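Architecture and fold: a report
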Amino acid sequence: MTEYAKNLIDEVKAKNPAEPEFHQAVSEVVESLDLVLEQYPEYQHSKILERIVEPERVIMFRIPWTDDQGIVQVNRGFRIEMNSAIGPYKGGLRFHPSVNLGILKFLAFEQVFKNSLTTLPMGGGKGGSDFDPKGKSDNEVMRFCQSFMSELYRHIGPNTDVPAGDIGVGAREIGYLFGQYKRIRNEFTGILTGKSLNWGGSLIRPEATGYGAVYFAAEMLNTRNETLEGKTCLVSGSGNVSQFTTEKVLHFGGKVVTLSDSSGYIYDEEGVNEEKLAYIMDLKNVRRGRIKEYTEKYPNAVYTQIDPSLDYNPLWSHKADCAFPSATQNEINAKDAQNLIDNNVYVVSEGANMPTTQDGVKIFLDKGILYGPGKAANAGGVAVSGLEMSQNSERLPWTREEVDNRLQLIMKSIHTTCVETAEKFGTPGNYVNGSNIGGFLKVADSMLDQGVV
Ligand code: NDP
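This is a predicted model, so every value here is computed, not measured.

Considering the overall build of the protein chain
- Each helix and strand in the protein chain was counted, giving 17 helices and 12 strands.
- The burial tally for the protein chain puts 51% of its 453 residues in the buried class.

Now the structure itself:
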């Protein structure tokens, strides 16, 4: 690494203490960009990197609400408006007790490059709260969402910042948030994506991230003249991304043998078929139950509870061909990465954001497996959010086929950008460099065009 890149990373760490995930995301991108800076000194001269690691704006606010017992609760809300060089800020809202400033800054930073890769005009942002929707009644979730939007509404707008869902924010939460915005502003406009179909949502938006991650895996396999047909796949998580990853793997003739939640995972050697997937969707989206219940319904499957004393996750130690980490950040460490390789996995397509630690990524790259990092592989979700914005502007909904075709074309184009960029910068087959550099160049050139702002 050059002295300049090293100093930049050190400065980010010193200026943003106690934000390890943000440091990790910045380090990975800056390492890739080292390959670019020599060829394009203008980026260094105009301090593009120094600017790109600094959010344009960070909004942090109090969210008071009353629970069903009449007790006042207080959570913290955030919106990180990271970069608007190529379009309005765009990125999800996460409601999870682990949410803090550093995690949202890492997610907003990743989002900048991801959105650029989609080819659509979207800047990068992310937001959320340390509120935990688990175990809350619908009324509590509604009151929380209304309080959250009572502050957020003044910072967003269809041409300013358009949030969407992420962990803990699905159709229910988007509905309550949208309702409160409309009430305060007296305006029906596309300020959120992931809306329900009846009031401005797009077909295929719920499916988009999971489908996209599978389309990306199929593109990677295609470089070796292979398909997903007959492949055994490990999937983590059991939320939005995991469910539609599983559905698309099934469409392509593959077999999914694992799913998880934050309490443990199930291993179903026979595979999760369409009937079992329908059960999971009902369990998770309607009854809001735990993945453990799967083994009560399908006793041939085995449930393993999380053991916090282990320094690896046994989910990644089953024989398989492909892995789709689709739960959360840093869920694959170096040991897990090695276990995946030792169990024959040679395709990793990341539905989650930064699910692999830097040591884990290094193992994948050293082994030369087909490794699709999140900012490329899971960009299908935000891409269809971009298409939802287009439909809202046009006030015309598109058909399922049209949106799905566009999603497939976008994932193909992201894959091509990664492959061509990696090759151009001397690291063929390295999708990490391909996606980081490919995403960066468009944003950096736009920042140069727009002057020192
Ligand atoms: P959901 O809330 O629908 O599902 C999240 C799943 O991951 C749940 O099964 C959850 O289990 C599990 N999970 C969450 N946190 C942890 C944790 N700390 N440890 C173990 N398991 C955990 O979220 P999504 O499916 O929408 O998001 C999953 C990932 O995909 C995230 O990294 C997100 O940033 C990324 N992503 C999502 C997009 C989207 O369109 N939704 C777009 C691009 C990326 P439990 O229920 O027990 O918490």
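What to know about the pairing of strand S6 (residues 232–235)
- The side-chain alternation of S6 yields two buried faces, one formed by Thr232 and Leu234 and the other by Cys233 and Val235.
- As paired elements, S6 and strand S7 (residues 255–261) share three bridges and run parallel to each other. When the sheet's bridge partners are listed, Leu234 is paired in S7 with Thr258.
- The β-α-β motif built from S6, the intervening helix H9 (residues 240–251) and the parallel element S7 has right-handed crossover chirality.

Some words on the site of the ligand
- Lining the immediate environment of the ligand, one finds 23 residues, of which Gly239, Asp261, Ser262, Ala352 and Gly381 sit closest.
- In terms of residue class, the shell around the ligand is made up of four nonpolar, 17 polar and two charged.
- Shared between two domains, the shell around the ligand holds at least three residues of each, these being domain 2 (55–187) and domain 3 (208–376).

Observations concerning helix H8 (residues 205–222)
- The terminal C-alpha atoms of H8, which comprises 18 residues, lie 25 Å apart, in line with the 26 Å expected from a rise of 1.5 Å per residue.
- Approximately 30° is the largest bend angle found in H8, and it occurs at Tyr211.
- Across the 18 residues that make up H8, a large majority, 17, are buried.

Re the domain arrangement of the protein chain
- By the assigned domains, the protein chain splits into domain 1 (1–54), domain 2 (55–187) and domain 3 (208–376).
- Just the C-alpha atoms count here: the centres of domain 2 and domain 3 sit 27 Å apart.
- Facing eight residues of domain 2, the contacting portion of domain 3 comprises seven residues.
- Of the residues in the side of domain 2 that touches domain 3, the class split is five nonpolar, one polar and two charged.

A closer look at the sheet that holds strand S12 (residues 370–372)
- Strand order in the open sheet formed by seven strands is S9-S8-S7-S6-S10-S11-S12, with mixed pairing between adjacent strands. Of all strands in the sheet, those with a lone pairing partner are strand S9 (302–305) and S12, marking the two edges. Sheet twist, expressed as the mean angle between neighbouring strand axes with direction ignored, is 15°.
- Pairing between strand S8 (residues 264–267) and S9: four bridges, direction antiparallel. Counterpart to Gly264 in the pairing with S9 is Gln305.

Examining the packing of H8 against helix H16 (residues 400–424)
- As a packed pair, H8 and H16 sit with axes 9 Å apart at the nearest point and diverge in direction by 50°. Classified by the angle between their axes, H8 and H16 sit oblique to one another. Considering the relative orientation of H8 and H16, their crossing is right-handed. Of H16, the residues touching H8 (which contributes Ala208, Tyr211, Gly212, Tyr215, Phe216 and Glu219) are Leu407, Gln408, Met411, Lys412 and His415.
- Residues of the contact of H8 with H16, tallied by class, amount to six nonpolar, three polar and two charged.

Looking at unusual backbone geometry
- With phi around 55°, Asn330 is a residue other than glycine that occupies positive phi space.
- Turning to its location among the elements, Asn330 is positioned in the loop between strand S10 (322–324) and helix H12 (334–342).
- Classification of Asn330 as partly exposed rests on a count of 17 C-beta atoms within 10 Å.
- A positive phi is found at Arg395, a non-glycine position, where the angle reads about 55°.
- Structurally, the position occupied by Arg395 is in the loop between helix H15 (380–394) and H16.

The rules we used
Residues numbered from 1 in each chain as written. Predicted model: local features only at pLDDT ≥ 70, side-chain atom pairs only at ≥ 80, totals over all residues. Helix = DSSP H or I, 4+ residues; strand = E, 2+ residues; numbered from the N terminus. Buried ≥ 20, exposed ≤ 12 C-beta atoms within 10 Å, placed from the backbone. Pairing = 2+ DSSP bridges. Right-handed = clockwise from strand over helix to strand, strands pointing away. Near = placed C-beta within 6 Å. Nonpolar A, V, L, I, M, F, W, Y, C, P; charged D, E, K, R; others polar. Domains from an automatic or database assignment. Expected span 1.5 Å × (residues − 1). Bend = angle between axes of the 7 residues up to and from the residue. Contact = placed C-beta atoms within 7 Å. Axes fitted to C-alpha atoms, helices over the stretch in contact; angles between N-to-C directions. Parallel < 35°, antiparallel > 145°, perpendicular 65-115°, else oblique. Left-handed = near helix turned anticlockwise from the far one by under 90°.

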